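One-letter residues, chain by chain:
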Amino acid sequence: MAAASNEGILIGDKLYSGVLISLENCLIPEEKCSLTASMLDGLGNDTETDLRCVGCELIQSAGILLRLPQVAMATGQVLFQRFFYNKSFVKHSMEHVSMACLHLASKIEEAPRRIRDVINVFQRLRQLRDRQKPSPMVLDQDYVNLKNQIIKAERRILKELGFCVHVKHPHKIIVMYLQVLESERNKHLVQTSWLASEGK
């Protein structure tokens, strides 16, 4: 039996509240950026930064191989970063989370890909990195276990982010602003604004 109140909805003995998204809570608080869960687990700042970069590069490379739109790859990268500001690289596999973020982002951005395809692409990237001969993943118990780990990672991401997975990308409004300023032909301004929107 559910009962509504000003603070939320009471279901059984638990109170569930709504989700409030405002300018005050859409950015990661500075204290979470300066002292992350990984740092609390003893991971060095440089190592964490490297893992964040590698995870985003994996998402980008896999997205290209899966022929995903750029917005899906960017969404996957944002989800990846948000998750690891709350959870530790020490306790969660960077590769599994990046696979789950890409799979989830493909659904969010309405360009869904099968988990099997995501797994095969990540395996192909690993083979390229290790200079191994490319071979498809065998559909054995290891594959089933990996698939289940990706599904669990996706659920964990959704739970950790409170199912708030909508991402407002700055790329979409850059073109509009440049058109309003009648500057869409100014190559230097276009390039500079694009790089700034990516935080480079």
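So, here is what we can say about the structure in this document. Keep in mind the model is a prediction, meaning the values are calculated, not measured. (Residues numbered from 1 in each chain as written. Predicted model: local features only at pLDDT ≥ 70, side-chain atom pairs only at ≥ 80, totals over all residues. Heavy atoms only, no water.)

Topic: the packing of helix 3 (residues 45-65) against helix 4 (residues 70-86)
The contact between helix 3 and helix 4 brings their axes to 9 Å, and the two run at 155°. Taken as axis vectors, helix 3 and helix 4 run roughly antiparallel relative to one another. Here the hand of the crossing between helix 3 and helix 4 comes out right-handed. Contact with helix 3, carried on its side by Glu48, Leu51, Arg52, Gly55, Cys56, Ile59, Gln60, Gly63 and Ile64, involves Gln70, Met73, Gly76, Gln77, Phe80, Gln81, Phe84 and Tyr85 of helix 4 and no other residues of that element. Of the residues contributing to the contact of helix 3 with helix 4, the split by class is 8 nonpolar, 7 polar and 2 charged. (Axes fitted to C-alpha atoms, helices over the stretch in contact; angles between N-to-C directions. Helix = DSSP H or I, 4+ residues; strand = E, 2+ residues; numbered from the N terminus. Parallel < 35°, antiparallel > 145°, perpendicular 65-115°, else oblique. Left-handed = near helix turned anticlockwise from the far one by under 90°. Contact = heavy atoms within 4.5 Å. Nonpolar A, V, L, I, M, F, W, Y, C, P; charged D, E, K, R; others polar.)

As for a nonpolar patch on the surface
There is a patch of nonpolar side chains on the surface, built from Ile173, Met176, Tyr177 and Val180 and spanning about 410 Å² of accessible area. Of note, Val180 is situated in helix 8 (residues 171-180). Residue class for Val180 comes out exposed when judged on its relative accessible area of 62%. (Patch = residues over 30% accessible without salt bridge, like charges linked within 9 Å, V, L, I, M, F, W, Y side chains within 5 Å. Areas by Shrake-Rupley, 256 points an atom, 1.4 Å probe, with all protein chains shown as cover. Salt bridge = Lys/Arg side-chain N within 4 Å of Asp/Glu carboxyl O. Buried < 20%, exposed > 50% of the residue type's maximum accessible area, 1.4 Å probe, protein only.)

Points about helix 3
Between its first and last C-alpha atoms helix 3 spans 30 Å; for 21 residues at 1.5 Å apiece the expected length is 30 Å, and the two agree. Taken residue by residue, helix 3 has Glu48, Arg52, Gly55, Cys56, Leu58, Ile59, Ala62 and Gly63 as its buried positions. Buried residues of helix 3, seen end-on, are gathered within an arc of 150° and therefore sit on one face of the element. Turned more than 90 degrees from where helix 3 packs its buried face, Asp46, Asp50, Glu57 and Ile64 sit exposed. Tucked inside the fold, the buried residues of helix 3 contact helix 2 (37-40), helix 4, helix 5 (94-108) and helix 6 (115-129). Where helix 3 terminates, the next one or two residues include Arg67, which has phi positive at roughly 55°. (Expected span 1.5 Å × (residues − 1). Arc of directions from axis to C-beta.)

Thoughts on the packing of helix 4 against helix 5
Helix-helix packing: each pair is described by the crossing angle between the helix axes and the interaxial distance. Axis separation between helix 4 and helix 5 bottoms out at 8 Å; the angle between their running directions is 135°. Judged by the inter-axis angle, helix 4 sits oblique to helix 5. The two elements helix 4 and helix 5 meet at a crossing, and its hand is right-handed. The residues of helix 5 that touch helix 4, namely those facing Ala72, Thr75, Gly76, Leu79, Phe80, Phe83 and Phe84, are Met94, Val97, Ser98, Cys101, Leu104, Ala105 and Ile108. A breakdown of the residues in the contact of helix 4 with helix 5 according to their chemical character gives 11 nonpolar, 3 polar and no charged.

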